[in-house]
Amino acid sequence: MAGAMAGAAYGGEAAFHNPALLADASWGGVSLGATGSHFGLDVALQRPVCTASYSSCRAQYDTWFSSRAARQPPTSGGFQLSWHAPLGGALHKRVVIGALMALPSSRLIHISGPDAQTPHFYMYEGLPDRISVALAASWQPLDWLSVGLGTQVLAALSSEVQLDMDVTNHDTDMAAVRIELQPVARLTAGLALRPGRGLRLGVGYRQEISLRYEIPSQIDLGESARADLMVEQNTLFSPSSVHFGGSWRSPSSTWLVALDLGLALWSSAPDPSTQVQIDVGGETVDKAGLGEVIDVGQDAAPIDVRFADTWTPAIAVQWRPLTAVALRSGYAFRPSPAPRASGPFNYLDNDAHMLGFGAEWGFGQAITSRPVGRGNLDEPLRVDHPLSLRFGGQWLILARRTVHKLDDNDP
């Protein structure tokens, strides 16, 4: 449905889009799915690309060549598991809890840090290849009001390498490595209203989240020399976002129309480039006056990517021609947050037209239900089935974008 879900999500998927909508699930449920993404992006450079030695490229192209080939995001696949259940007893099914997990199939975490001058699509680099868990609960204090609160969890990576070497005997005195995966949790929240028959309004919020890793390495060659190496990066960044949505269901539940407007705060995007610092010291090095001469990256300032906040409108429609069949389609337009890459750094992105499509087949006797509460007796029936199969996809069409570099050597 092209992401038009802030007022239309139902079941475990609401733990991500709008936790307050979990309250509309009259029945418990679980779903298991397989996902995949493929990128067919294209970057055409004005000059031919030559990645061989400079002398070989110079002999073939003189000075008319580019040494940096564009990088494509990798194809990926994975699995998704969602679960939701209303609580009973004294809570009268007014509290619903849910969970949603995404698990890559080929690699649990894929961290990529292309060089800032290499043309690459920062928006899609490694995003599908990460473990992501969303946990949420909703509470419905009134028939027309529900609120939700949850968390989204990623894993941060930290490590440390220490080597003490005896250069006289060509031996290693000590080699120690520490690697840790630490959870990073961020807030999700939501609000849902039912102001009229078949009408739902919702607001969903997700706090920005990213994965940061640090790899400090210490190489000690005794009193003569030592080297401290630090590699760090902020990656897999998703901005804070607020989605305003609404949906309307016809009295016969044949039609469902959903609208959504999302604000993504891309202006807070951190420097995504890999930061490398090398601090060389020791008695011999300092006496030779080379301590600060061969240091690298000590004074490097972070890159300002200058991304802008974006508003993304979306619309989606569901048609149920039969009780057991539902067809869905949606459209969204996501303007690019990235400025034209005319400067020294090549973080690429384009305006995106997003087309969503899907179908659902239900099996077993249909289960009909209404939202909880006496005030919802006139609400349209929601149709569920004990078992259903879903197929869905989303096609992103990127508008062509031409960039003229300010540097004549990098057109």
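Residues numbered from 1 in each chain as written. Predicted model: local features only at pLDDT ≥ 70, side-chain atom pairs only at ≥ 80, totals over all residues. Heavy atoms only, no water.

Here the focus is the overall build of the protein chain. Assigned secondary structure in the protein chain consists of three helices and 20 strands. Residue burial in the protein chain is summarised as follows: out of 411 residues, 40% are buried. Intrachain contacts of the protein chain at a sequence separation of at least 6 include 69% that bridge at least 24 residues. If you sum the accessible surface of the protein chain, you get close to 21600 Å²; carbon and sulfur atoms cover 60% of it. (Helix = DSSP H or I, 4+ residues; strand = E, 2+ residues; numbered from the N terminus. Buried < 20%, exposed > 50% of the residue type's maximum accessible area, 1.4 Å probe, protein only. Contact = heavy atoms within 4.5 Å. Areas by Shrake-Rupley, 256 points an atom, 1.4 Å probe, with all protein chains shown as cover.)

This next bit is on the state of the cysteines. Evaluated as defined, the whole model comprises one disulfide. Across a sulfur-sulfur distance of 2.0 Å, Cys50 and Cys57 are joined as a disulfide pair. Residues Cys50 and Cys57 are joined through a disulfide that is left-handed, its torsion about the S-S bond being -85°. Across the pair, Cys57 and Cys50 agree in class, each one buried. (Disulfide = S-S within 2.5 Å.)

Across all of its chains, the model carries eight salt bridges by this definition. We note a salt bridge from Asp143 to Arg94, for which the minimum N-O separation is 2.9 Å. Taken together, the residues span a long stretch of sequence, with Asp143 in the loop between β5 (132–142) and β6 (145–166) and Arg94 in the loop between β2 (76–86) and β3 (95–104) at a distance of 49 residues. The shortest N-O distance in the salt bridge between Arg390 and Glu360 comes to 3.3 Å. (Salt bridge = Lys/Arg side-chain N within 4 Å of Asp/Glu carboxyl O.)

One pass over the structure, following the stated rule, counts eight aromatic pairs. Plain terms: the ring middles of Trp255 and Trp319 are 5.9 Å apart, the flat faces sit at 20° to each other, and that makes the pair stacked. Taken together, the positions of Trp255 in strand β12 (residues 255–264) and Trp319 in strand β14 (residues 310–322) put the pair 64 residues apart, joining distant regions of the chain. Judged by relative accessible area, which is 42%, Trp255 ranks as partly exposed. Among the residues examined, Trp319 registers a relative accessible area of 37% and is labelled partly exposed. Here a set of aromatic residues connected by ring pairs shows up, and it is made of Tyr122, Phe237, Trp266, Phe307 and Tyr347. One Lys or Arg, Arg206, reaches over the ring of Phe16 and ends 4.0 Å from the middle of that ring. Across the ring face of Tyr10, the terminal group of Arg382 is positioned such that the distance to the ring centre comes to 4.0 Å. (Phe/Tyr/Trp six-rings, centres within 6.5 Å; stacked < 30°, edge-to-face > 60°. Lys NZ or Arg CZ within 6 Å of the ring centre and 35° of its normal.)

The next point concerns the environment of Trp395. Looking at the element boundaries, Trp395 is found in strand β20 (residues 387–398). By relative accessible area, which is 54% here, Trp395 ends up exposed. Put simply, Trp395 and Tyr331 are 64 residues apart on the chain and 9.7 Å apart in space, counted from C-alpha to C-alpha. Leaving out residues up to four positions away in the same chain, Trp395 has contacts with His353, Met354 and Leu355.

Next up on the list: the nonpolar core. Counting 18 residues, the largest nonpolar core has Tyr122, Tyr124, Trp266, Ala269, Val305, Phe307 and Tyr347 as the members making the most contacts within it. Every residue in contact with Phe307, bar those within four places of it in the chain, is listed here: Tyr122, Trp266, Ser267, Ala269, Pro337, Ala338 and Pro339. Core analysis: the next-biggest nonpolar cluster, separate from the first, contains 11 residues, Ala9, Leu22, Val96 and Ala136 among them. (Core = buried A, V, L, I, M, F, W, Y, C linked by side-chain atoms within 4.5 Å.)

We note that Asp62 has phi near 60°; this positive angle belongs to a residue other than glycine. A positive phi is found at Arg306, a non-glycine position, where the angle reads about 60°. By secondary structure assignment, the location of Arg306 is in the loop between α3 (283–287) and β14.

We now examine the side chain of Glu379. Turning to its location among the elements, Glu379 is positioned in the loop between β18 (367–369) and β19 (382–384). Buried within the structure, Glu379 lacks any salt-bridge partner; its nearest side chain of opposite charge belongs to Arg194, at an N-O separation of 4.9 Å. Once you skip the residues sitting within four places of it in the chain, Glu379 turns out to touch Arg194, Gly196, Arg197, Gly198, Arg370 and Pro371. (Lys, Arg positive; Asp, Glu negative; His and termini not counted.)

A few words now on the environment of Gly245. Secondary-structure assignment places Gly245 in strand β11 (residues 241–249). Of the residues examined, Gly245 reaches a relative accessible area of 13% and is grouped as buried. In this structure, the C-alpha to C-alpha distance between Gly245 and Ala258, residues 13 residues apart in sequence, is 7.2 Å. When neighbours within four sequence positions are excluded, Gly245 is seen to be in contact with Ala6, Gly7, Arg200, Leu201, Gly202, Leu259 and Asp260.

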